[in-house]
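# Descriptive analysis of the structure
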Amino acid sequence: MARDTRIDTIRGFAMVTIIINHFSMLTTTLGMRGPQIPTATTVSLSSAAEIFVALSGYMVGMVYVKKANPTELLVKRAAKLYVWNFGLYVAAALATLATNPAYEAAVRFTPMTIVPFQAAAYFSVMSYGPFLIDILHLYVILLLVSPIAVWLIRRSPLLLIAASLSAYLVFQICLQISPGLGGSPNPLETAGWRFHPLAWQMIFFVAMAGGSIRLHERVFSILEKQQWIFWAALVLFAAIGAAKLILNLPRIPLGDRGTLGPVRAAHSLVVLLLYAGLVTVLRKHLDSLLLRSAALIGRHSLNVFLFSTVATFVALYVWQQLDLGWGGYIALTAALILATWVAAKYLDKRKFSDSRALDAGSFDKLVIRCIEGGGMWFCRHKFADWRPTSRDELGGQTVARKCMKCGREQSKFVTNARPHDD
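Procedures and definitions
- Residues numbered from 1 in each chain as written.
- Predicted model: local features only at pLDDT ≥ 70, side-chain atom pairs only at ≥ 80, totals over all residues.
- Heavy atoms only, no water.
- Axes fitted to C-alpha atoms, helices over the stretch in contact; angles between N-to-C directions.
- Helix = DSSP H or I, 4+ residues; strand = E, 2+ residues; numbered from the N terminus.
- Parallel < 35°, antiparallel > 145°, perpendicular 65-115°, else oblique.
- Contact = heavy atoms within 4.5 Å.
- Nonpolar A, V, L, I, M, F, W, Y, C, P; charged D, E, K, R; others polar.
- 1 Å grid on protein atoms, 1.4 Å probe; cavity = no way out; pocket = protein on both sides within 12 Å on 5 of 7 lines; lining within 4 Å.
- Points joined across faces, edges and corners; volume = space filled by probe spheres on them.
- Salt bridge = Lys/Arg side-chain N within 4 Å of Asp/Glu carboxyl O.
- Buried < 20%, exposed > 50% of the residue type's maximum accessible area, 1.4 Å probe, protein only.
- Phe/Tyr/Trp six-rings, centres within 6.5 Å; stacked < 30°, edge-to-face > 60°.

One way to put it is that helix 1 (residues 5–29) packs onto helix 13 (residues 289–299) with a least axis distance of 6 Å and a crossing angle of 85°. As judged from the angle between their axes, helix 1 and helix 13 are roughly perpendicular. Along the contact surface, helix 1 presents Thr5, Asp8, Thr9, Arg11, Gly12, Phe13, Met15 and Val16, while helix 13 presents Leu291, Ala294, Ala295, Ile297, Gly298 and Arg299. For the contact of helix 1 with helix 13, the per-class residue count stands at seven nonpolar, four polar and three charged.

This next bit is on empty space enclosed by the protein. Within the structure shown, the criterion is met by four cavities of 30 Å³ or more. Quantified by volume, the largest cavity comes out at close to 170 Å³. Around the largest cavity, the lining comprises 17 residues; the ones closest to its centre are Asp134, Pro185, Trp193, Arg194 and Phe195. Ranked by the residues each element gives to the lining of the largest cavity, the list is headed by helix 7 (residues 135–153), at three residues. A breakdown of the residues in the lining of the largest cavity according to their chemical character gives eight nonpolar, five polar and four charged. Taken as a whole, the second largest cavity encloses approximately 50 Å³ of empty space. If you go around the second largest cavity, the residues you meet are Phe52, Val53, Ile135, Leu136, Leu138, Tyr139 and Leu142. Of all the elements in the fold, those that place two or more residues in the lining of the second largest cavity are helix 2 (48–64) and helix 7. In terms of residue count, the dominant contributor to the lining of the second largest cavity is helix 7 (five residues).

Its place among the elements puts Val16 in helix 1. Sequence-wise, Val16 and Thr333 are 317 residues apart; in three dimensions their C-alpha atoms are separated by 10.0 Å. In contact with Val16, other than residues within four places in its own chain, are Ile297 and Ile337.

Before going further, it helps to examine the pattern of salt bridges. Per the counting criterion, the structure on display carries 11 salt bridges. One salt bridge connects Glu50 with Arg264, and the closest N-O pair in it is separated by 2.6 Å. With a gap of 214 residues between them, Glu50 in helix 2 and Arg264 in helix 12 (residues 262–281) connect regions that are remote in the sequence. Note that Lys76 is salt-bridged to Glu72, the shortest N-O span being 3.0 Å. Of the two residues, Lys76 and Glu72 both sit in helix 3 (residues 70–95), four residues apart, roughly one turn of that helix. By relative accessible area, Glu72 is classed as partly exposed at 40%. Residues participating in the shared-partner salt-bridge network are Arg108, Asp134, Glu189 and Arg194.

It is worth spelling out the packing of aromatic side chains at this point. Applying the stated rule across the entire model yields 14 aromatic pairs. With a centroid separation of 5.7 Å and an interplanar angle of 45°, the aromatic rings of Phe13 and Tyr275 are classed as tilted. Highlighted residues: Phe13 in helix 1 and Tyr275 in helix 12, separated in sequence by 262 residues. Each member of the pair, Phe13 together with Tyr275, is buried. Look at Tyr103 and Tyr317: their rings are 6.2 Å apart centre to centre, the planes differ by 80°, and that puts the pair in the edge-to-face class. Residue Tyr103 is located in helix 4 (residues 101–106), and its partner Tyr317 is located in helix 14 (residues 301–322); the two are separated by 214 residues in the primary sequence. By relative accessible area, which is 2% here, Tyr103 ends up buried.

Right, dumping it as structure tokens:
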């Protein structure tokens, strides 16, 4: 089934917000003076991390639940992410040879320079991680638990939702009784959890249950008919942001990020609804350059996150060493977003490098775009070329391909075929 461009666009929005937030936070920590680039995070309560985690869980629900061997696939995915994350850690450790104490404190490299072997040991068991790298610990843990979630979903998605919400509520109650539960997961730092698994599992697994039934199709359908929901979410979002600005509270009650306080979790739902409503209102413009670029980044959000992590560390080092100030912050933020787009473009081309377009007369060098799904169909390397078997008067056609290994045939009716812009 073709990908839904609207989901990828929302993931792209979240990814760009994450890049801006991270670089803004780090440069401010290192003394940058001047206003930060406004994002949904800076003007309100929750961050893009909640959207990132929720949509990651949603995609797991869409992709893995119906697989014949989900446990094997999920464990392999978790292992691959763990290896990639360890690679980032090694790169960060090598970077400390050129960085200074202020930089290391900002990005939480300090334990790596003071107690390197202990830091590596705690990183190995996913209880310590430098800034930007630690969120992948959460993702690995959630993927390893996901086979249990798949088992529950196959009995009833509501069963998973009930189990996840129950675990979250019990944790939040225990946290109020014993705040130490949100404390540091290792003796190397005094700061508490940045992403406590018992709390953050809730948005991942509830979203996973939604993905298993393709809930987005119903949500987008409702938003198309009831656009007032989007405007209501926008007004609520703006009101919360205004209240935050006026009250100027140093800490939002029940809004802690590390333990995903209920207020923060509820606000992240408002932001997600706002994004869903936005792409619905702009559905006729999804093919515009800006939204296509967001969807491109969103289509490879996890891989470009890994890339953007390294790029952010490098950009921060350049900004600090050259003392670039506010103007340099603006320029480097724009460069980070552009570099992330280029990385996504490269990943997109590499992913489909073995794909071949239709090979039949005037249909030569075509890429099929499916209007309904908003996605694209490509041949995979084990299949022969797609070939049209029939057409209708409106430009739709049935295409088929045959596997060169097992001889299995696939067919698909596709609409609105048009030349691919290379």
